[in-house]
Amino acid sequence: MAGNPNAPHFPRSAPIEAYGKGGFAFAGMSHRGSLLCLPDAIWAWDVTDPAKIDRYSLERVFAAANSIDTLLVGTGTDVWLPPPELRQALKAVRVVLDTMQTGPAVRTYNIMIGERRRVAAALIAVP
């Protein structure tokens, strides 16, 4: 598992209340840096550049794939085309990958969790 399973994290999903200035606000708290939002927890995510998104950086997503239908990737302010092998690896565990800039990804994530969809989000912080 990428990172320490006992690392500080928020122990459930929550809507993202705000983003920008290098971080996010959720559940009445603020977090500097990128986030990995899974159905059962929100984790700090050390990715700051879409080019660094790979199977290793998404290891928690692969481990939780049986509870996820869609992975939204917020790519900061850049547009990013995921490598075909990453899309295939996610498809092999039945997770649909959808990439967009972080702002639209946050809005889409909030709508999808509001609809009780099985969604995860990997969100790169924006300035």
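Since we're looking at a predicted model, the values are computed, not measured.

Calculation notes
- Residues numbered from 1 in each chain as written.
- Predicted model: local features only at pLDDT ≥ 70, side-chain atom pairs only at ≥ 80, totals over all residues.
- Heavy atoms only, no water.
- Helix = DSSP H or I, 4+ residues; strand = E, 2+ residues; numbered from the N terminus.
- Rg over C-alpha atoms; globule rule 2.2 N^0.38 Å.
- Buried < 20%, exposed > 50% of the residue type's maximum accessible area, 1.4 Å probe, protein only.
- Contact = heavy atoms within 4.5 Å.
- Polar contact = N/O pair within 3.5 Å; in protein donor to acceptor, adjacent residues only side chain to side chain.
- Pairing = 2+ DSSP bridges.
- Axes fitted to C-alpha atoms, helices over the stretch in contact; angles between N-to-C directions.
- Salt bridge = Lys/Arg side-chain N within 4 Å of Asp/Glu carboxyl O.

Of the regular secondary structure elements, the chain holds 3 helices and 9 strands. Going from the N terminus to the C terminus, the chain shows its helices and strands as β-β-β-β-β-β-α-β-α-β-α-β. A globule of 127 residues ought to have a C-alpha radius of gyration of about 14 Å, and the chain, at 13 Å, matches this closely. With respect to the three principal axes, the spread of C-alpha positions in the chain is 35 × 30 × 30 Å.

What follows concerns the environment of Arg 118. Relative to the helices and strands, Arg 118 resides in the loop between α3 (102-114) and β9 (119-123). By relative accessible area, which is 37% here, Arg 118 ends up partly exposed. Residues Arg 118 and Leu 71 lie 47 residues apart in sequence; the distance between their C-alpha atoms is 8.9 Å. Ignoring sequence-local partners within four residues, the contact set of Arg 118 consists of Asn 66, Ser 67, Ile 68, Asp 69 and Thr 70. Within the local environment of Arg 118, its side chain forms a polar contact with the backbone oxygen of Asn 66, the two atoms lying 3.0 Å apart.

What follows covers the sheet that holds strand β6 (residues 41-45). If you walk across this open sheet you meet the 6 strands as β1-β6-β5-β9-β7-β8, and the pairing is mixed. Two strands lie at the open edges of the sheet, namely β1 (9-10) and β8 (96-100), each paired on one side alone. By the bridge criterion, 5 bridges tie strand β7 (residues 70-74) to β8 in an arrangement that is parallel. The residue bridging Val 73 from the neighbouring strand is Thr 99, located in β8. Strands in contact with α3 are β5 (34-38), β7, β8 and β9; relative to β7, the strand with the most contacts, it is inclined by about 150°.

On to the pattern of salt bridges, then. In total, this model carries 2 salt bridges according to the counting rule given. With a closest N to O distance of 3.1 Å, Arg 118 and Asp 69 form a salt bridge. Residue Arg 118 is located in the loop between α3 and β9, and its partner Asp 69 is located in the loop between α1 (59-63) and β7; the two are separated by 49 residues in the primary sequence. Look at Asp 69 and you get partly exposed, because its relative accessible area is 36%. Here Glu 115 ties to Arg 117 by a salt bridge, and the two come within 2.9 Å at their closest N and O atoms.

With that settled, the discussion passes to the sheet that holds strand β3 (residues 23-26). Pairing is antiparallel in the open sheet, where 3 strands are placed in the order β2-β3-β4. Across the chains shown, the open sheet's two edge strands, defined by having one partner strand only, are β2 (16-20) and β4 (29-32). In this sheet, neighbouring strand axes are inclined to one another by 15° on average, regardless of whether the strands run parallel or antiparallel. Relative to the sheet, α3 contacts β2 and β3, its axis offset from that of β2 by approximately 175°.

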